[in-house]
Amino acid sequence: MTRCSLLSHIVVQPCPEHQRREALLHLAAVHDPALQAGLQHALTTASADAWRGLWVAMEDEHIRAVAWVQPLANHTAQLWLPRHNDAAVPPLLSALQGWVHRQPITLCHVALPAPWAAWEDVLVNGGMRAMATLEHRVWTCQPPVAPQASLGLRPFTTLPLAEQHALLARVGEASLDCPALRDALPVKTLLAGFQAQAASAHPPHWYWLEHQEKPVGVLLLATLSSHWSLQLMGLLPDWRGRGLGRAIVRHAQTLAAQSGAHYLSLTVDAQNTPARRVYDQTGFESLGRERLLGWY
């Protein structure tokens, strides 16, 4: 679909194949060292259909702005932003929003590094909704305090798939960690996304947690190379506020340290004060924040 603005003479359209290389140079990530590796991976793994989400705002024969909706697994997508935030961007985002809603895409997201106010205003005006402020943290592996023995770790994949989904849904009830993201995505999509991050359909360090002979929560860890990440930890509503959160983190730290990992990282919703307090107490240092927005 092509959209025109008679006032600005800007035409928004899917990028013609012969202009793809030129168009990609107009993406912000090409010029941001922190994003270049991620974009390079996205480009090298993109299928032919992925380029349907590459759109350009043209003025006469010149490219003014470019944005790319990169399809991901499980009906999700990522938005790669234009290099410049100028008058060509609003009609470009408007056209892309309409295109996204005509696709089988449940969520198209973008994470904005600080300072994000200017881009957030433009994206919200373009139909995106603010979902969370994400705080990234890291712990340098060292011999940790011994975890609480009464909290047992049981292989998550021993549960039937329906029970996995049910347990994750219960852990998500009234959770303070990214509630908008949980509302936007069904549990099976969240689980599949965690599996993709872990690069395995049966990650070895995924656990359901047992306390007093009852299931009380989950701990999901991605164990790529020497840098582990805590994908998800959570407790059932009835077991929150009893000090078990710290015990779960200690288990994660012990597993990472014993494996020879150098770092254990995580991302937490900045509004989740109880979780942030636990991470403070267990030695996680802040690496910065991002603002998560999405079309959904």
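The coordinates are above.
What comes next concerns the included structure. (Residues numbered from 1 in each chain as written. Predicted model: local features only at pLDDT ≥ 70, side-chain atom pairs only at ≥ 80, totals over all residues. Heavy atoms only, no water.)

## Description of helix 2 (residues 33-45)
Helix length check: helix 2, at 13 residues, gives a terminal C-alpha distance of 19 Å against a target of 18 Å (1.5 Å per residue), a fit within 8%. Two to three positions downstream of the cap, the backbone nitrogen of Ala-34 sits 3.0 Å from a side-chain oxygen, assigning the N-cap of helix 2 to Asp-32. (Helix = DSSP H or I, 4+ residues; strand = E, 2+ residues; numbered from the N terminus. Expected span 1.5 Å × (residues − 1). Polar contact = N/O pair within 3.5 Å; in protein donor to acceptor, adjacent residues only side chain to side chain.)

## Let's talk about the environment of His-62
The topology assignment puts His-62 in strand 4 (residues 62-71). For His-62, a relative accessible area of 57% corresponds to the exposed category. Between the C-alpha atom of His-62 and that of Ser-286, which follows or precedes it by 224 residues, the distance is 42 Å. (Buried < 20%, exposed > 50% of the residue type's maximum accessible area, 1.4 Å probe, protein only.)

## Section: the side chain of Thr-254
Position of Thr-254 relative to the elements: it lies in helix 8 (residues 244-259). Take Thr-254: its relative accessible area is 12%, and that puts it in the buried class. A distance of 2.9 Å separates a polar atom in the side chain of Thr-254 from the backbone oxygen of Arg-250.

## A word on the pattern of salt bridges
Summed over the entire model, instances satisfying the criterion amount to 8 salt bridges. Residues Arg-276 and Glu-135 are paired through a salt bridge, measuring 3.5 Å at the closest nitrogen-oxygen approach. Of the two residues, Arg-276 sits in helix 9 (residues 273-281) while Glu-135 sits in strand 7 (residues 129-140), which places them 141 residues apart along the sequence. Arg-289 is the salt-bridge partner of Glu-135, the closest N and O atoms lying 2.9 Å from each other. (Salt bridge = Lys/Arg side-chain N within 4 Å of Asp/Glu carboxyl O.)

## Let's talk about the packing of aromatic side chains
Summed over all chains, the structure comprises 4 aromatic pairs. Summarising the aromatic geometry, the rings of Tyr-279 and Phe-284 are spaced 5.6 Å apart at their centres and angled 65° between planes, so their arrangement reads as edge-to-face. Summarising the burial analysis for this pair, Tyr-279 and Phe-284 share the class buried. A cation over a ring is seen here: Arg-129 above Tyr-296, with NZ or CZ 3.8 Å from the ring centre. In this structure, Arg-242 packs its charged tip against the face of Trp-239, placed 4.4 Å from the ring centre. (Phe/Tyr/Trp six-rings, centres within 6.5 Å; stacked < 30°, edge-to-face > 60°. Lys NZ or Arg CZ within 6 Å of the ring centre and 35° of its normal.)

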